[in-house]
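Understanding the architecture of this molecule
Here is how the chains run, residue by residue.
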Amino acid sequence: MRLHSGRQLHVSTGRRRTGITAVVLRAGRCGNTWIWTALFISGRLNARERSLIANVAREVSGIEWQLREVPYKKRMAVLQGLAGHELEGWITESVIEALEADGTTGEITDPVLVTASHANYGHSVDDVTMITMLDEAVDLHIRNHGLKRPVETHETPWHAGLASVVVNAELDGLYVSDGIGDVSECVDRSTGAEQGASQRWDTSALVAFDSVVDDELRAALLKLLVGNRGWDPEEGPDIEKWERGTFSDTAMQSGRKRGAGWGLRKRALIELCGEPPRRQTPRAIVELQSRLCKLIADANAGKGEVIVCRMPPVYGDDVLPLAVNAPVAEDGDMYSWHIDADPYALPSSSWTDCFGRYLNRCPGRPRFVSALVYLSPKWHEDWGGPTRFLDPPSGEVLSIYPKPGRLVLMDQDISHSVTAPRKAAGRRPRYSLVLKLVLHGAVIRLADPSWGEPEMIGSARGQLRGSKRQ
């Protein structure tokens, strides 16, 4: 149980109001300190929830809370002046437990961020000041939980003009509904659009590149996956670093599994995922991240800054932001369709507390993207082992050949599957590395229109009405 900000609240969606409000509470004594405490609640919370929060806060703190509405963009409760106070965790946890136990709480989709701020304003504080305080509280939560840490980069002579687009595709097309109160707010597709909400056509994107990862970088990345004893990677995974039965192709699974393929031993994978200040990031990974940042910046030229971050532990600490695999012919058909992540269906965490649950590619929200790189020294087409990408509505499949050094950028909610090599590959594994990223920006693209029209796969060709998630 966490005794600080970042605990998830499930609240019923009910009928949403277009206005978003917050509530401020009057001063009182917490311990030996007089402070002006504040609890900010969006207008989407109902009267019962507001009353419950105020009553629990009063019972725990001894303060008689008074409510005042303030316009704000997020669903959150902020204990003003209590950040770091000994009562912060006590009051916050009591409010959370009461909401979770109450009958009004329930399934998805809008979490509430319960946190505290360092600010301590008086009774006459105006709306602008309180909104600023709330923004600061959100920023503090993001920093404390590492939710928006840019990837480590360095100067590199590589530039986006060297990249060659070999596949530019869209799939899984559907009309989706965006909220009417805030352009960054997306409505649950399974329930349809609420009254007055706009609809837009949504497709998942996939772009494959050659010449982003040249042979020198490919070899340096592959070297990270073998030990220091001269192992030939074409002879099979190096058992000094690899273990049979530890690789899973789904984000929600971890640990050893019957029938799973070759995966890096946990210690080797943690070293590969190293980031300052605790660990040093391998230089080849930093170079890859630097090139990715340049590539993504080029795709979004003129659209504002896009901050490239590693995916935080949205599925818990066991699911790392970097994955490697080495399927071999003997794996057969063990690999299944899966997605890397979906921000609409994430479990409760400090991430959902802050950003909520939403549809990937929702305007103004962070976009979950994976960068897949094929690392084998050589690969013949008759050895098989492509990565397959599925358009669920139509059943059409797009296959990407695992050419050494090829890079695939894709939305993490695309259904895809590893394919084991054919027997012709012998003992050779088909090595690949995946960086799981989250992109932050007002507008985020994976492909620049100047790269040409994308190939439409399956449902992306039509204007289907329905739901991707039932």
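Residues numbered from 1 in each chain as written. Predicted model: local features only at pLDDT ≥ 70, side-chain atom pairs only at ≥ 80, totals over all residues. Heavy atoms only, no water.

As recorded by an unreviewed UniProt entry, the protein chain carries the name Fe2OG dioxygenase domain-containing protein and is attributed to Prorocentrum cordatum. If you open the UniProt record of the protein chain and go to Sequence similarities (unreviewed entry), you find "Belongs to the iron/ascorbate-dependent oxidoreductase family." (UniProt positions renumbered as here; feature names shortened; annotations may be inferred.)

With that out of the way, let us pick up the overall build of the protein chain. For the protein chain, the count of helices and strands is 7 helices and 19 strands. Out of the 470 residues in the protein chain, the part that is buried amounts to 57%. Sequence separation of at least 24 residues holds for 80% of the intrachain contacts in the protein chain that already meet a minimum separation of 6. Of the accessible surface of the protein chain, which amounts to about 20400 Å², a share of 49% is contributed by carbon and sulfur atoms. (Helix = DSSP H or I, 4+ residues; strand = E, 2+ residues; numbered from the N terminus. Buried < 20%, exposed > 50% of the residue type's maximum accessible area, 1.4 Å probe, protein only. Contact = heavy atoms within 4.5 Å. Areas by Shrake-Rupley, 256 points an atom, 1.4 Å probe, with all protein chains shown as cover.)

Take helix α6 (residues 283-299) next. Given a rise of 1.5 Å per residue, 17 residues ought to cover 24 Å, and the 25 Å separating the end C-alpha atoms of α6 matches this to within 8%. Extensive coverage of α6 is indicated by the burial of 12 of its 17 residues. All of the buried residues in α6 are A284, I285, V286, E287, L288, Q289, S290, R291, L292, L295, I296 and A299. (Expected span 1.5 Å × (residues − 1).)

The next subject is unusual backbone geometry. If you check the backbone angles, D172 has positive phi at about 55° while not being a glycine. Within the element layout of this structure, D172 appears in strand β7 (residues 164-178). On the basis of relative accessible area, D172 is assigned to the buried category, the value being 11%.

To continue, consider the environment of Y358. Turning to its location among the elements, Y358 is positioned in the loop between α7 (350-355) and β13 (367-374). Discounting chain neighbours no more than four positions away, the residues touching Y358 are D342, P343, Y344, W351, R365, P366 and F368.

Right, let's get into the packing of helix α4 (residues 215-223) against α6. Contact geometry for α4 and α6: axes closest at 9 Å, N-to-C directions at 135°. When the interaxial angle is binned, α4 and α6 end up oblique. For the crossing formed where α4 meets α6, the hand is left-handed. Across from L217, A220 and L221 in α4, the residues of α6 making contact are A284, I285, E287, L288 and R291. Of the residues belonging to the contact of α4 with α6, the class tally is 6 nonpolar, no polar and 2 charged. (Axes fitted to C-alpha atoms, helices over the stretch in contact; angles between N-to-C directions. Parallel < 35°, antiparallel > 145°, perpendicular 65-115°, else oblique. Left-handed = near helix turned anticlockwise from the far one by under 90°. Nonpolar A, V, L, I, M, F, W, Y, C, P; charged D, E, K, R; others polar.)

Glancing now at the packing of aromatic side chains. All told, the structure shown has 6 aromatic pairs when counted by the stated rule. Measuring from ring centre to ring centre gives 5.2 Å for W379 and W383, while their planes differ by 85°; the resulting arrangement is edge-to-face. Taken as a pair, W379 and W383 share a single burial class, namely buried. Each residue in the set W351, F355 and F368 is aromatic and connected to the rest through ring pairs, giving one cluster. (Phe/Tyr/Trp six-rings, centres within 6.5 Å; stacked < 30°, edge-to-face > 60°.)

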